[in-house]
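# Breakdown of the fold
Take a look at the letters that make up each chain.
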Amino acid sequence: MSRLILFIILFLLLYAILRYLIKDMAVCRKKLSRKSEPEELVQDPYCQTYIPKRSAVKKKIAGRLLYFCNQKCMKNYINQTTQNHKKGLTNSNRFVML
Ligand SMILES: [Zn+2]
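First, a word on scope: everything that follows refers to the structure included in this document.

## Considerations on the overall build of the protein chain
Looking only at helices and strands, one finds two helices and four strands in the protein chain. Its helices and strands in sequence order give the protein chain the pattern α-β-β-β-β-α, from N to C terminus. Looking at the protein chain as a whole, 8% of its 98 residues are labelled buried. The contacts in the protein chain between residues at least 6 apart in sequence include a share of 18% that link residues at least 24 apart.

This is the structure we're talking about:
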């Protein structure tokens with residue numbers, strides 16, 4: 001009989017610990033969700049897609065901080081802007097942007 005009592009006590013103890021842990025986790029989650037601010041979206045000037053600022057590729061171009069969805073878009077955008085600049089510029093000014 002003593003074994004059964006021990007088993008029940010152990011079971012109750014485990015149950016209490018589990019409940020405590022679950023409660024703690026729920027509190028943690030609430031705290032986290034309260035802390036995390038709404039994700040700020042930025043627009044990729046190349047493909048016009050909106051991406052979360054945190055995961056965007058940042059690049060300062062001509063004094064302006066721009067956000068891109070990936071490295072490829074960033075490179076394409078830089079190429080595009082340098083090509084636009086090339087039209088009106090002489091060869092000596094070609095590498096100013098780079
Ligand atoms: Zn893009």
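## Quick word on the nonpolar core
Ranked by size, the top nonpolar core spans eight residues in total: Tyr46, Ala56, Leu66, Tyr67, Phe68, Cys69, Cys73 and Met74. Those elements that place two or more of their residues in this core are strand 4 (64-68) and helix 2 (71-88). For this core, the element with the most residues is strand 4, which contributes three residues. Those residues in contact with Met74 that sit more than four places away from it in its chain are Val57, Lys59 and Phe68.

Definitions and cut-offs
- Residues numbered from 1 in each chain as written.
- Predicted model: local features only at pLDDT ≥ 70, side-chain atom pairs only at ≥ 80, totals over all residues.
- Helix = DSSP H or I, 4+ residues; strand = E, 2+ residues; numbered from the N terminus.
- Buried ≥ 20, exposed ≤ 12 C-beta atoms within 10 Å, placed from the backbone.
- Contact = placed C-beta atoms within 7 Å.
- Core = buried A, V, L, I, M, F, W, Y, C linked by C-beta atoms within 7 Å.

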